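# Survey of secondary and tertiary structure
Okay, here's what each chain looks like letter by letter:
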Amino acid sequence: MEMQMKMSAILKQLSQVRVLPILVADDVQQAIRCVATLAENGLSAVEITLRTPNAMNVLAEVVKACPEVCVGAGTILTAQQLIEVQDTGAAFGISPGITPTLAHAAADLGLPYFPGVGGASDLMLALEHGFNVVKLFPSDLVGSTKMAKALGGPFPDVRFCLTGGVTLEATPQLLQQSNVLCVGGSWMCPASLIEANNWAAIAKLAAAAAIAGK
Ligand SMILES: O=C(O)C(=O)C[C@H](O)[C@H](O)COP(=O)(O)O
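In this report, the structure presented in the accompanying data block is examined. (Residues numbered from 1 in each chain as written. Predicted model: local features only at pLDDT ≥ 70, side-chain atom pairs only at ≥ 80, totals over all residues. Heavy atoms only, no water.)

### Considering the pairing of strand 3 (residues 70–74)
Using the following cut-off: Residue exposure (1.4 Å probe, protein chains only): buried if accessible area is under 20% of the type maximum, exposed if over 50%, otherwise partly exposed. To qualify as a helix, a DSSP run of H or I must reach at least 4 residues; to qualify as a strand, a run of E must reach at least 2; elements of each kind are numbered from the N terminus. Being paired, for any two strands, means DSSP has found at least two bridges between them. Place the viewer so that the strands point away; then a crossover is right-handed whenever the path from the first strand over the helix to the second strand goes clockwise.
Taken across its 5 residues, strand 3 has 5 buried, putting it largely inside the fold. Across the two faces of strand 3 the burial is the same, with Cys70, Gly72 and Gly74 and Val71 and Ala73 all buried. Sheet analysis places strand 2 (residues 45–49) next to strand 3, joined by 5 bridges and oriented parallel. Across the sheet, the residue bridging to Val46 is Val71, located in strand 3. Regarding topology, helix 3 (residues 55–65) serves as the crossover connection from strand 2 to the parallel strand 3, and that connection is right-handed. Note: strand 3 against strand 4 (residues 92–94), 2 bridges, orientation parallel. The partner of Ala73 across the bridge, within strand 4, is Gly93. Regarding the hand of the β-α-β motif, the stretch spanning strand 3, helix 4 (residues 79–88) and strand 4 is right-handed.

### What to know about the environment of Gly213
Short version of the rule: Any two residues having at least one pair of non-hydrogen atoms within 4.5 Å are treated as being in contact.
Mapped onto the elements, Gly213 comes out in the segment after helix 11 (199–212). On the accessibility criterion, Gly213 (5% relative accessible area) is buried. Aside from chain neighbours lying at most four places away, what touches Gly213 is Val17, Arg18, Val19 and Leu175.

### Digging into the sheet that holds strand 6 (residues 116–117)
Spatial ordering of the open sheet is given by 5-4-3-2-1-9-8-7-6, a layout of 9 strands whose pairing is parallel. Either end of the sheet is taken by a strand with one partner, and the two such strands are strand 5 (113–114) and strand 6.

### Topic: the packing of aromatic side chains
Selection rule: Two rings from Phe, Tyr or Trp (for Trp, the six-membered ring) form a pair when their centres sit within 6.5 Å of each other. Planes less than 30 degrees apart are called stacked, planes more than 60 degrees apart edge-to-face, and all others tilted.
In this structure the tally under the stated criterion is 2 aromatic pairs. Ring centres of Phe92 and Phe114 lie 5.7 Å apart, and the angle between their planes is 75°; on these two criteria the pair is classed as edge-to-face. In this pair, Phe92 sits in strand 4 while Phe114 sits in strand 5, placing the two residues 22 residues apart along the sequence. The two residues Phe92 and Phe114 agree in class, both being buried. A ring pair is formed by Tyr113 and Phe131, whose centres lie 5.3 Å apart and whose planes are at 80°; its orientation type is edge-to-face. Of this pair, Tyr113 sits in strand 5 while Phe131 sits in the loop between helix 6 (120–128) and strand 7 (133–136); the two residues are 18 residues apart in sequence, bridging distant segments of the chain. By relative accessible area, Tyr113 is classed as buried at 1%.

### Comments concerning empty space enclosed by the protein
Remark: the empty space left among the atoms is shown by a probe the size of a water molecule rolled over them. Spelled out, the test is: In this analysis, the protein atoms alone were mapped onto a 1 Å grid. Cavities are point sets where a 1.4 Å probe fits without being able to get out; pockets are open sets with protein on both sides within 12 Å along at least five of seven lines; lining residues have an atom within 4 Å of a point. Grid points are joined across faces, edges and corners, and a volume is the space filled by probe spheres set on the points. Amino acid classes used here: Ala, Val, Leu, Ile, Met, Phe, Trp, Tyr, Cys and Pro are nonpolar; Asp, Glu, Lys and Arg are charged; the rest, including Gly, are polar.
Using the criterion set out here, one finds 1 cavity of 30 Å³ or more in the structure. The space that makes up the largest cavity amounts to roughly 40 Å³. Around the largest cavity, the lining residues are Leu14, Ile94, Phe114, Val133, Val134, Lys135, Cys161, Leu181 and Cys182. Elements represented by at least two residues in the lining of the largest cavity include exactly strand 7 and strand 9 (180–185). The element best represented in the lining of the largest cavity is strand 7, accounting for 3 residues. For the lining of the largest cavity, a count of residues per class yields 8 nonpolar, no polar and 1 charged.

### What about the site of the ligand?
What counts is decided by this rule: The cutoff for a nearby residue is simple: one of its non-hydrogen atoms must lie within 4 Å of the molecule or strand. Polar contacts, as counted here, are pairs of nitrogen or oxygen atoms within 3.5 Å of one another; within protein the pair requires one atom able to donate a hydrogen and one able to accept it, and residues that are adjacent in sequence qualify only if both atoms are side-chain atoms. Throughout, the Shrake-Rupley method with a 1.4 Å probe supplies accessible areas, and for residues the shown protein chains are the sole cover considered. Just a note on the criterion: a molecule sits in a pocket or cavity if more than half of its atoms are within 2 Å of the grid points.
Around the ligand, the neighbouring residues are Ile22, Glu47, Arg51, Thr75, Pro96, Lys135, Phe137, Thr163, Gly164, Gly165, Gly185 and Ser186. The separation between an oxygen atom of the ligand and a polar side-chain atom of Lys135 is 2.6 Å. Take Gly165: an N or O atom from its main chain is 2.8 Å from an oxygen atom of the ligand. In the complex, the protein chains occlude 82% of the 400 Å² of accessible area that the ligand would expose alone. When atoms are counted within 2 Å of each cavity's grid points, the one that captures over half of the ligand is the largest pocket. A per-class count over the shell around the ligand returns 3 nonpolar, 6 polar and 3 charged.

### A word on the layout of surface pockets
If you add up the space inside the largest pocket, you get close to 220 Å³. Every residue lining the largest pocket is counted, 17 residues in all, and those nearest its centre are Ile22, Arg51, Lys135, Phe137 and Thr163. Mapped by element, the contributors of at least two residues to the lining of the largest pocket are strand 2 and strand 9. Classifying every residue of the lining of the largest pocket gives 6 nonpolar, 8 polar and 3 charged. For the second largest pocket, the calculated volume is near 190 Å³. Lining of the second largest pocket is provided by 13 residues; of these, Met3, Gln4, Met7, Gly130 and Asn132 occupy positions nearest its centre. If you tally residues by element for the lining of the second largest pocket, the top one is helix 1 (residues 3–17), at 5 residues. In terms of residue class, the lining of the second largest pocket is built from 7 nonpolar, 5 polar and 1 charged.

In structure tokens, the structure reads:
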């Protein structure tokens, strides 16, 4: 599928679910079980961070095991990681920030990509490379909806995924800001519950998050 079509499909999905769970996992079976639990409870898109030694393998196996889920990769810090992410068949990539190298590489690869921004200069770099949907990170520290609203003045066509410090309680209000596409967060799949294989607890957190996104 051509990049623009892939991107449109992802944006449509994110605009429907509006809450993107962020998973840190190193064990393939736990990650598959976690992503399946999130999806069964209404969260049909997920970001798997590349923060653990086995994360790229986890990503590849989740992509294979959960074809009904829109699986993306997070914490992309290098162009090499972007290439590896595309090879896994992941739907999209996300970074906590933006560099010219990453922006060039993502544009060249044609992988749907959401760079991270913390302010206007980052956003201008993203726009130079054609990226107008970005992750605002760390959202709570750089002003959350106030920042998104302020950036909406000079950049009216940009939409944000607010990530970093987002909570269940804050979600409905954050999603009311008109240029916020979605929020991301790790609260519905905390490491302690994954370690404990407590899928029932994750199911409850996911269901509540899905409702908050409606
Ligand atoms: O590693 C990355 O690139 C990330 O994706 C960072 C995450 O977005 C945040 O760490 C999630 O923030 P919390 O919901 O506050 O845990």
